[in-house]
Every structure is written in structure tokens, then in C-alpha cells.
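A look at the structure
Below are the chains, spelled out letter by letter.
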Amino acid sequence: MHIDRRVCLLALLLLGACGEKGVETHSKQAASAPVVVRSLSPGDVLRAEHGMVRDTLPVTATLAALNFSEMAAEVDGRVREVRVREGEQVKAGQVLAVLDSESLGESVKEQQAQLDNQKARLALARIKLNKQRELFAQGFISKLAIDELESDYRIREGELKAQAAQLARAARSLADTRLRAPISGVLYQRKIHAGDMVARNQKVLAVADLSVLEAVASVPSRLIAQVKPGQSVLLQLEGGSEMVTGEVVRMNPVANAGTRSFNVYIRVANPQGVLKAGQFAKGGIVLAQENTLVSLPLGALRERESRPWVMLVSKGKLVRRNVEIKLLSMAERQAAVAGLQHGEIVLSSALAGLHAGDAVKLTPVP
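Residues numbered from 1 in each chain as written. Predicted model: local features only at pLDDT ≥ 70, side-chain atom pairs only at ≥ 80, totals over all residues. Heavy atoms only, no water.

**Thoughts on the pairing of strand β4 (residues 53-72)**
For β4 and strand β15 (residues 280-290), the ladder comprises 10 bridges, and the chain directions are antiparallel. Looking at the pairing, Ala61 lines up with Ala281 of β15. (Pairing = 2+ DSSP bridges. Helix = DSSP H or I, 4+ residues; strand = E, 2+ residues; numbered from the N terminus.)

Set out below in C-alpha cells:
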């Protein structure tokens, strides 16, 4: 069949016109398609702020009084009275208990009377010796006689000193019947009551000064090189929420035989007596700290082990921002990072389906 060439050309032109119109219509539809905007709740984002980040070495310890004293009876006797109870504050030198002192008091009087007699005898011997010396000078007595008198006088001097020492011991024993606090603090142990019989060296009372506490923490040998005196220690007491600050004051240079760990001694100031001896605490020795950079939770960081970055919310879109981790705290689950400005909005964690360039909006807090 013969088809006119003009007819074919006309058909091609009509088809081309229809195609262009279809493409133009599709482009207009694509341009008019709505952009999907993802809403972010307040829990999805956080505001970058400067904060303290601490790299810590975890430790556990039990608080104990740095200064304490267990008092023992110095003499045998019966308890006459106990003037304090457990938990009461006492001052150094305060009488806490009194033992029966009647027999010791009589012994002091007896020794005092004997001392007075010795003094009188010595005074008389001195007078006699002086007279005999005058007679010896005049040649009325021999040298042997005067030597005997001087020897007798020196013996009496020695007896007087011995008697004075016995009196001092008796007086000291009498004073020991009054049990006095050796230090200021809290009476934390009382083992006697009025009427009890106590023996010499028997422990009866105990006082602790709670103004300064000390804790002993065990550190593995592979980590002990990181610990140094003067480092701060953050402790949280069992059953409490507040953190207590202490300081490493010394370390035992010899490892424990069984565990090969080292004892580290932590000093904690307690001027108000709020902390109690025997409380269990856990926390960490601060190895390093940073408070001049932005602090972020670890969940906000992506690819933390290689090239860390975060997702920012900027001008209604998500923007990827590379950052540098300056200090990492696994204990606090925080990181101090460089590359962020204070006040910038960051995704607090990775959200499924969100990518850099996506449009987002922040949902206001109700």
C-alpha cells in the first residue's frame, strides 16, 4: 500500500507534540508534590552545652573513721557510774566513766603520810650531819665517822625519792579510776554498766572522730599506674543520691598477696558529721576531666570508634557535622567534643529513617 510521505510527517509531529505535553505535565506534578517534614519530639534532640566530663577509674570502698580510740581500764575495780551513752558527742578530757576509788584513795593517803615521815627524818638527818661536820672540822670526830654519817644521809635521800615515786604511782592509779576521752568525737561503743567488775586492760569504751573519714579501695595492678596522690574521688553512698568528694592521699606499694591488687587510701572531709563510719560507697577516681567543651551523651555520637559525627538540626533540615572526641567517660556515658557550638540542636540518638538533608521540625514542649 502506498502511503503519502506528507501524511507520515504530520503523524510524527502530532506524536511529538503529545510527548512534550506529557513530560511538561509530569514535571509540574513532581514540582507540586508536597515535601515530607518529620516531626521531632523534645526527647529526640538536645541542646549542646558545656559540661563537666570525667574519666574515672571505678572503685568501691567502706568509710571508716580516720582517728578513733578504744579505751581500756587501767586498774581493776567496780564501775561506779557511766556518764555517756553510745552516739553522744564527747570532748577530749571529758570523764566518761568512774570506777570505785575508795581503796586507792586510802592508799594515796598512806603513801602521803609515809612521804611526810621520810621528809621529817631527812630534815633531822641533815641537821645532825651539819653538826657533825662542824665537829669534824674542829677535830673532835674521825673521818670514818663523818663518812658514815654522810652515807646514812644519802640513803635517807634515796628512801625519800622512792617514797615519792610510790605516792606518784598511787595517785596515778587513783586518777585512772576516772576514764577520760582521749579525743573529741562520738562514743560508738560502750561495754560496761554501773556495778560491773572490770579488769586491768579490759576494753570498755570506744570513741571515734568522724570529722575526717578514710576509705580503702582496691585497684588492679594493671591500673595502679594511673592512680596518684592528690587525685579527686567521687563517691556515692549506699542508699543516697548525692555525690561525695574525696582525695587519694596514699597508696600501699605492696600488692595484696591473694588478688595482686593494691590498696588506695581515700580521705573524705566530714566537718558536719553527715557521713557515717561503716557506710558502703562506690564511685570512681578522677583520672582526667574537661569542662570547657560541649558535653554529649554517647548515644548522640555516630561512628565513635572511627570518625565520630553528630546530626544537627539547622534551618529546618538535618545536617551532618564531624566532631572530635577530646575526653570519653564510659562510667558517666558522656563525651567532651570539639566542633560544636554552645546552643546548637543535636539529635540525642540515631533515629531510623532519618538522613542528612531531611526536612524536620521541632515539636514544642506542651
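Continuing now.
**Points about the side chain of Ser261**
In this structure, Ser261 sits in strand β14 (residues 261-269). Under the relative-accessibility criterion, Ser261 is labelled buried at 6%. Reaching out from Ser261, the side chain makes a polar contact with the side chain of Ser218 at a distance of 2.7 Å. When sequence neighbours within four positions are dropped, the list of residues in contact with Ser261 reads Ser218, Val219, Pro220, Ser221, Ala255 and Asn256. (Buried < 20%, exposed > 50% of the residue type's maximum accessible area, 1.4 Å probe, protein only. Polar contact = N/O pair within 3.5 Å; in protein donor to acceptor, adjacent residues only side chain to side chain. Contact = heavy atoms within 4.5 Å.)

**A look at the sheet that holds strand β20 (residues 334-338)**
Reading across from one edge, β3-β16-β20-β19 is the order of the four strands in this open sheet, with antiparallel pairing throughout. Edge positions in the sheet fall to β3 (49-50) and β19 (324-329), since each has one partner strand and no second. In this structure, β3 lies alongside strand β16 (residues 294-297), joined through two bridges in antiparallel fashion. Note that in β16 the partner of His50 across the bridge is Val294.

**Section: the pattern of salt bridges**
Counting across every chain of the model gives 10 salt bridges. Here Arg133 ties to Glu150 by a salt bridge, and the two come within 3.3 Å at their closest N and O atoms. Highlighted residues: Arg133 in helix α2 (residues 102-137) and Glu150 in helix α3 (residues 143-175), separated in sequence by 17 residues. Accessibility expressed as a relative area gives 22% for Glu150, which makes it partly exposed. Residues Glu344 and Arg321 are paired through a salt bridge, measuring 3.1 Å at the closest nitrogen-oxygen approach. Taken together, the positions of Glu344 in the loop between β20 and β21 (345-347) and Arg321 in strand β18 (residues 317-322) put the pair 23 residues apart, joining distant regions of the chain. Using a relative accessible area of 26% as the deciding quantity, one classes Arg321 as partly exposed. (Salt bridge = Lys/Arg side-chain N within 4 Å of Asp/Glu carboxyl O.)

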